[in-house]
Amino acid sequence: MANKRDLKKDINYVLGDIIEAVYVWEYSNTYKDTKKSEAIIDEAIATFDELIAKVNDRSVEDKKAHFKAINKELEDKGRALIEKINKLG
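Residues numbered from 1 in each chain as written. Predicted model: local features only at pLDDT ≥ 70, side-chain atom pairs only at ≥ 80, totals over all residues. Heavy atoms only, no water.

A. Spotlight on the overall build of the protein. Counting its secondary structure elements, the protein contains three helices and zero strands. When the elements of the protein are put in sequence order from the N terminus, they spell out α-α-α. Seen through its principal axes, the protein has C-alpha atoms that stretch 50 × 20 × 20 Å. Across the protein, every contact between residues at least 6 apart in sequence was considered, and the portion connecting residues at least 24 apart equals 68%. Counting every atom, the protein has about 6100 Å² of accessible surface; 52% of that belongs to carbon and sulfur. Positive and negative side-chain charges in the protein, numbering 17 and 18 respectively, have mean positions lying 3 Å apart. (Helix = DSSP H or I, 4+ residues; strand = E, 2+ residues; numbered from the N terminus. Contact = heavy atoms within 4.5 Å. Areas by Shrake-Rupley, 256 points an atom, 1.4 Å probe, with all protein chains shown as cover. Lys, Arg positive; Asp, Glu negative; His and termini not counted. Charge placed at Lys NZ, Arg CZ, Asp CG, Glu CD.)

As structure tokens, this is what we get:
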């Protein structure tokens with residue numbers, strides 16, 4: 001499993017790319033309402049905060065399993081956000 005620094009970078013890159021994709025969608029669809037896309041951005045930011053808090057939790061005994069679970073959660077939530085972006089169009 002990757003170390004804490006790499007996991008934080010992964011979280012930042014994945015969720016940052018998702019937010020960037022929403023901005024690209026908004027720029028490409030200026031005539032559409034942006035309430036749903038703004039909600040996706042808010043959800044991505046909340047997910048970021050939640051996952052970083054879990055990474056920084058020092059009370060965990062088995063760090064390897066903990067980081068693996070966070071990585072899995074990032075993957076699942078990232079895919080869910082991408083599906084929401086795809087449904088915007």
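B. Inspection of the nonpolar core at higher detail. The biggest cluster of nonpolar side chains holds 19 residues, and the ones touching the most others in it are L7, I11, L15, I40, V55, I70 and L81. Of all the secondary-structure elements, those providing two or more residues to this core are α1 (4-28), α2 (35-55) and α3 (63-88). It is α1 that provides the largest number of residues to this core, a total of seven residues. (Core = buried A, V, L, I, M, F, W, Y, C linked by side-chain atoms within 4.5 Å. Buried < 20%, exposed > 50% of the residue type's maximum accessible area, 1.4 Å probe, protein only.)

C. Examining α3 more closely. Across its 26 residues, α3 extends 37 Å between first and last C-alpha, which sits within 8% of the 38 Å expected from 1.5 Å per residue. All of the buried residues along α3 are H66, F67, I70, E73, L74, G78, L81, I85 and L88. Lining the buried residues of α3 we find α1 and α2. (Expected span 1.5 Å × (residues − 1).)

D. Quick peek at α2. Helix length check: α2 (21 residues) gives 30 Å between terminal C-alpha atoms against 30 Å at 1.5 Å per residue, within 8%. Restricting attention to buried positions, one finds in α2 the residues S37, I40, I41, A44, T47, L51, I52 and V55. All buried residues of α2 fall inside an arc of 125 degrees around its axis, so they share one side. Turned more than 90 degrees off the buried face of α2, the exposed positions are K35 and D42. Turning to α2, the residues buried within the fold contact α1 and α3. (Arc of directions from axis to C-beta.)

E. Looking closely at the packing of α1 against α3. At a minimum axis distance of 10 Å, the contact between α1 and α3 shows a crossing angle of 5 degrees. Viewed along their axes, α1 and α3 adopt a mutual orientation that is roughly parallel. Across the interface between the two elements, K4, L7, D10, I11, V14, L15, I18, A21, V22 and W25 from α1 touch F67, I70, N71, L74, G78, L81, I82, I85 and L88 from α3. A per-class count over the contact of α1 with α3 returns 15 nonpolar, two polar and two charged. (Axes fitted to C-alpha atoms, helices over the stretch in contact; angles between N-to-C directions. Parallel < 35°, antiparallel > 145°, perpendicular 65-115°, else oblique. Nonpolar A, V, L, I, M, F, W, Y, C, P; charged D, E, K, R; others polar.)

The analysis is restricted to geometry; functional conclusions fall outside its scope.
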